[in-house]
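Given next are the chains, with one letter for each unit.
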Amino acid sequence: MTPVSYAQPRAGLGLLGLGARPATVQAFAVLAGTILLTLSSYVAVPMYPVPVTMQTLAVTMVGALYGWRLGALTVLAWLGEAALGLPVLTNGQGGLAYMAGPTAGYLVAFPFAAALVGWLTERGFTGARPVLAFSSMLLGNALCLAFGALWLSTLLGFEKALMVGVVPFIIGGVLKSALGASLLMAFGRLRRQG
């Protein structure tokens, strides 16, 4: 098997090359990814109507590391756990009622954001190209904010949805995107040394 290049991962594989691994390895990766996503949900700053969490960072990292297919599947598995009522969302929340609340638009966006970042990573938006890595993370965050605002606008109206569901999260999205790009750069350095 040909090793996956860090700078240019093959389509469908992500930076970890999981798409070429046996199904058991992929299943373990999905489980590990859902645990990472759950842990990121517990890092929360209360805000109304939507708290600030590290979920978008975890979602975009899963996409970059796992690739667009397995990344989106991992996020869908995590949302499935939430739908079943497992305490995997912000502050241990879960269940269909929570998933239909103010955060529903953001939750729906997560698999799309993971797929987008994974797809871009597979096309060279990696830590070897920090500006492109930052751009892919920022696009993933922007997609989450757009979906979130659309859903919130049905509950609060468009202007208020922007003011409470987008504006307060812009700086955090930029910072999380920079952190994600930095993590991808660190990952690239580790891969080159190993």
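Quick caveat: nothing in here was measured; it's all calculated off a predicted structure.

Structural notes on the overall build of the protein chain
Secondary structure summary: the protein chain contains eight helices and two strands in total. Secondary structure elements of the protein chain occur, N-terminal to C-terminal, as α-β-β-α-α-α-α-α-α-α. A compact globule built from 194 residues would reach a C-alpha radius of gyration of about 16 Å, and the protein chain, at 16 Å, matches this within 12%. C-alpha extents for the protein chain along the principal axes are approximately 50 × 35 × 25 Å. Put simply, the protein chain has 194 residues, and 48% of those count as buried. Contacts spanning at least 24 positions in sequence make up 70% of the contacts within the protein chain whose residues lie at least 6 apart. Total accessible area computed for the protein chain in this model is approximately 9200 Å², and 74% of it derives from carbon and sulfur atoms.

Notes on the pattern of salt bridges
A complete count under the given rule lists one salt bridge for this structure. The salt bridge partner of R123 is E122, with a shortest N-O separation of 3.8 Å.

A few points about the packing of aromatic side chains
Taken as a whole and assessed by the stated rule, the structure comprises three aromatic pairs. Between F112 and F147, the aromatic rings sit 5.6 Å apart at their centres with planes inclined by 40 degrees, giving tilted as the arrangement. Residue F112 is found in helix α5 (residues 104–121), and its partner F147 is found in helix α6 (residues 130–156); the two are separated by 35 residues along the sequence.

Structural notes on helix α8 (residues 167–193)
A rise of 1.5 Å per residue sets the reference length of α8, with its 27 residues, at 39 Å; its end C-alpha atoms lie 40 Å apart and thus fit the reference within 8%. Contact partners of the buried residues in α8: β2 (52–53), α2 (55–66), α6 and α7 (158–165).

Some details on the nonpolar core
Counting residues in each nonpolar core, the largest one holds 23 residues, and the members touching the most others are V59, V75, W78, L89 and F110. Of all the secondary-structure elements, those providing two or more residues to this core are α2, α3 (68–83), α5 and α6. No other element matches the six residues that α5 contributes to this core. By size, the runner-up hydrophobic cluster in this structure holds 17 residues, among which are A29, L57, L70 and M137.

Here's the deal with the environment of L107
Its place among the elements puts L107 in helix α5. Accessibility expressed as a relative area gives 5% for L107, which makes it buried. With 31 residues separating them along the chain, L107 and L76 place their C-alpha atoms 9.6 Å apart. In contact with L107, other than residues within four places in its own chain, are L79, L89 and M99.

Remarks on the side chain of S136
Topologically, S136 is positioned in helix α6. Residues within four places of S136 in sequence aside, it is in contact with V117, L120 and F125.

A word on the packing of α2 against α5
Look at α2 against α5: their axes get within 7 Å of each other, and the N-to-C directions meet at 45 degrees. One finds that α2 runs oblique with respect to α5. Relative to α5, α2 is oriented so that their crossing is right-handed. Between α2, through Q55, T56, V59, T60, G63 and A64, and α5, the contact on the second element is made entirely by F110, A113, A114, V117, G118 and T121. Its residues placed into classes, the contact of α2 with α5 shows six nonpolar, six polar and no charged.

Observations regarding the confidence of the model for the protein chain
Within the protein chain, residue pLDDT values average 91, and 92% of them lie at 70 or more. Per-element confidence in the protein chain ranges from a low mean pLDDT of 78 for strand β1 (residues 44–45) to a high of 98 for α3. Contacts from residues 1–7, a stretch scored under 50 in pLDDT, to residues over four places away or in other chains number 21 contacts.

Criteria and cut-off values
Residues numbered from 1 in each chain as written. Predicted model: local features only at pLDDT ≥ 70, side-chain atom pairs only at ≥ 80, totals over all residues. Heavy atoms only, no water. Helix = DSSP H or I, 4+ residues; strand = E, 2+ residues; numbered from the N terminus. Rg over C-alpha atoms; globule rule 2.2 N^0.38 Å. Buried < 20%, exposed > 50% of the residue type's maximum accessible area, 1.4 Å probe, protein only. Contact = heavy atoms within 4.5 Å. Areas by Shrake-Rupley, 256 points an atom, 1.4 Å probe, with all protein chains shown as cover. Salt bridge = Lys/Arg side-chain N within 4 Å of Asp/Glu carboxyl O. Phe/Tyr/Trp six-rings, centres within 6.5 Å; stacked < 30°, edge-to-face > 60°. Expected span 1.5 Å × (residues − 1). Core = buried A, V, L, I, M, F, W, Y, C linked by side-chain atoms within 4.5 Å. Axes fitted to C-alpha atoms, helices over the stretch in contact; angles between N-to-C directions. Parallel < 35°, antiparallel > 145°, perpendicular 65-115°, else oblique. Left-handed = near helix turned anticlockwise from the far one by under 90°. Nonpolar A, V, L, I, M, F, W, Y, C, P; charged D, E, K, R; others polar. pLDDT = per-residue confidence, 0-100.

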